[in-house]
Amino acid sequence: MTLALCTLSHSPLIGVNQPAPDVVAEVDGALARAREHVRAFSPDLAVIFGPDHFNGVFYDMLPPFCVGAGAESIGDWRTSAGPLAVDTEAARTIHRQALAAGLDLAVSERMQVDHGIAQPLEFLFGSIDAVPVVPVFVNCAAPPLGPTERIRLLGEAVGRAVSVSGRRVLLIGSGGLSHDPPIPALEGASPEVAERLIAGRNPDEDTVATRVARVVATAQELAAGTSDRAPLAPEWDAEVMETLARGRLSEFDSWSPEDFAAEAGNAAHEVRTWIAAFAALGTAGAYRVTSTYYRPIPEWIAGFAIMTAVVDEQKVTR
Ligand SMILES: O=C(O)CCc1cccc(O)c1O
Ligand SMILES: [Fe+2]
């Protein structure tokens, strides 16, 4: 078995705006199980599909997806800043093979990532640079988005590229499930907001503080039931997890980006990272989900979920 998977929600509000202690303990337990899954698999490479929240990727040059052949974390919220341990050769191989397979994957030799990629690395490995990694940015926050089928095909191309490597590769998908945090849209934005979305790198302290305050206030309102953001959608989340667990990934092809946003909030697009990771896993054979955790946690603005999966040796067709 050379591929395994862990997909998980992220939230910058973890540790910042805590739900009840029993909920925190339950999530800690679920994360500990995910870490055990990772430790037992003992990957020598991690490929992480993750979004960005206008911290590293902006409308000044916005690819639908981009592999990082070099990358650094900007260190937003409570995540560490600094270089990721990018496996440049593996990234360039993935890039070449995805292009050869007809996927218009972009590349960055100096990608900037935010908590969407840094937090799962810290949760699963203890730090952003503990394990060689290939980060794959998936645009989830900056419309317009292309058909969901394209992200499934991207995942398959990446999976094929890594499964022939003979290495033990952990596939990670970061984000979702349902949630609607206050991320501004370019359409209808004021000139100042538009500038932040087009080229908002290295924001000043006031800009960061305003943003943090807005996100925390939204989380508190969501938990109090007084928010005008979209509510979490546990039934939609359950359907997503069941479709993934059953390996029916092409069913997502008919889910339009508009469906995702309307049913589960604007950031539900982050489920794209899960579809990519599962599609990559599926290139190694039939897979089996080994654990699933779910709880809607409004304090974190997250339909919070974790899934782990392995290639099912019994079902592998040779
Ligand atoms: O704009 C920001 O920095 C916060 C984004 C954000 C907020 C809540 C839940 C999330 O999953 C998330 O990514
Ligand atoms: Fe996010």
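How each quantity is defined
Residues numbered from 1 in each chain as written. Chains lettered and ligands numbered in written order. Predicted model: local features only at pLDDT ≥ 70, side-chain atom pairs only at ≥ 80, totals over all residues. Heavy atoms only, no water. Helix = DSSP H or I, 4+ residues; strand = E, 2+ residues; numbered from the N terminus. Expected span 1.5 Å × (residues − 1). Buried < 20%, exposed > 50% of the residue type's maximum accessible area, 1.4 Å probe, protein only. Arc of directions from axis to C-beta. Contact = heavy atoms within 4.5 Å. Donors = N, O, S within 2.8 Å, 3.2 Å for Na, K, Ca; no water. Tetrahedral: all angles 85-135°; square planar, octahedral: opposite > 155°, others 65-115°. Near = heavy atom within 4 Å. Polar contact = N/O pair within 3.5 Å; in protein donor to acceptor, adjacent residues only side chain to side chain. Areas by Shrake-Rupley, 256 points an atom, 1.4 Å probe, with all protein chains shown as cover. Nonpolar A, V, L, I, M, F, W, Y, C, P; charged D, E, K, R; others polar. Pairing = 2+ DSSP bridges. Axes fitted to C-alpha atoms, helices over the stretch in contact; angles between N-to-C directions. UniProt positions renumbered as here; feature names shortened; annotations may be inferred.

Asks: Which residues make up helix α2 (residues 88-100), and what values go with them?
Replies: Compared with the 18 Å implied by 1.5 Å per residue over 13 residues, the 18 Å span of α2 between its first and last C-alpha is a close match. The complete set of buried residues in α2 reads A90, A91, I94, H95 and A98. Buried residues in α2, looked at end-on, bunch into an arc of 140 degrees, giving them a common side. Within α2, the exposed residues directed more than 90 degrees away from the buried face are R96 and A100. Buried residues along α2 sit against β2 (45-50), β3 (65-68), β6 (106-108), β8 (133-138) and α4 (148-163).

Asks: Tell me about the coordination of the iron ion (ligand 2), residues and numbers included.
Replies: Octahedral six-donor coordination of a metal ideally yields angles of 90 or 180 degrees, compared with 109.5 degrees for tetrahedral four-donor coordination. H10 (NE2), H53 (NE2) and E270 (OE) make up the full set of protein donors to the iron ion (ligand 2), lying at 2.0 to 2.1 Å. Relative to the metal, the four donor atoms surrounding the iron ion (ligand 2) lie at angles of 76 to 148 degrees, and the coordination shape comes out irregular. Sequence positions of the donors to the iron ion (ligand 2) reduce to the motif H-x42-H-x216-E. Pair noted here: H10 is in the loop between β1 (3-8) and α1 (21-41) and H53 is in the loop between β2 and β3, with a separation of 43 residues, a long-range link. The pair formed by H10 and H53 is uniform in burial state, with each residue classed as buried.

Asks: Tell me what's going on with the site of ligand 1, and back it up with residues and numbers.
Replies: Every residue near ligand 1 is listed here: H10, S11, P12, H53, W77, H115, H179, P181, R211, V215, W300 and I301. Note that an oxygen atom of ligand 1 is positioned 2.8 Å from one of the side-chain N or O atoms of H53. At 2.9 Å, a side-chain N or O of H115 approaches an oxygen atom of ligand 1. Bound to the protein, ligand 1 loses 99% of the 340 Å² it would expose on its own. Its residues placed into classes, the shell around ligand 1 shows six nonpolar, five polar and one charged.

Asks: Give a detailed account of α4, specifying residues and quantitative values.
Replies: For α4, spanning 16 residues, the distance from its first C-alpha to its last is 23 Å, which sits close to the expected 22 Å at 1.5 Å a residue. Buried within α4 we find T148, I151, R152, L154, G155, E156, A157, V158, G159, A161 and V162.

Asks: Please give an account of the sheet that holds β2 that cites residues and values.
Replies: Taken together, the eight strands give an open sheet; going across it, the order is β6-β3-β8-β2-β9-β1-β11-β10, and neighbouring strands pair in mixed fashion. Because the sheet does not close on itself, it has two edges, and the strands there are β6 and β10 (287-297). Along the sheet, successive strands turn relative to each other by an average axial angle of 15 degrees, direction set aside. Bridge analysis of β1 against strand β11 (residues 302-311) gives five bridges, and the strand direction is antiparallel.

Asks: So, the UniProt feature "active site" (unreviewed entry) in the chain: which residues are in play, and what are the values?
Replies: Using the residue numbers shown here, the UniProt feature "active site" (unreviewed entry) corresponds to H115 and H179. In this structure H115 touches H10, P12, H53, D76, W77, T79 and P120, once residues within four positions along its chain are discounted. Within the fold, H179 resides in the loop between β9 (169-174) and α5 (191-199). Non-local contacts of H179, meaning those with residues more than four positions away in its chain, are made with L232, A264, G265, N266, A267, A268, E270, I301 and A302.

Asks: So what about the pairing of β11? Which residues, and what values?
Replies: In terms of burial, β11 is a largely internal element, 10 of the 10 residues being buried. Side-chain alternation along β11 places A302, F304, I306, T308 and V310 on one buried face and G303, A305, M307, A309 and V311 on a second face that is also buried. Pairing geometry for β10 and β11, over 10 bridges, is antiparallel. In the strand pairing of β11, Y294 is matched with A305. In this structure, the hairpin formed by β10 and β11 is closed by a connection of four residues, where I301 is found at a positive phi of approximately 45 degrees.

Asks: Tell me what's going on with the sheet that holds strand β7 (residues 111-113), and back it up with residues and numbers.
Replies: The strand order β5-β4-β7 describes an open sheet built from three strands, whose pairing is mixed. Every interior strand has two partners, whereas the edge strands, β5 (81-83) and β7, have only one. Going across the sheet, the axis of each strand differs from the next one's by a mean of 20 degrees, ignoring polarity. In this sheet, β5 lies alongside strand β4 (residues 71-74) in antiparallel orientation, the contact comprising three bridges. By the bridge assignment, I74 is partnered in β5 with A81.

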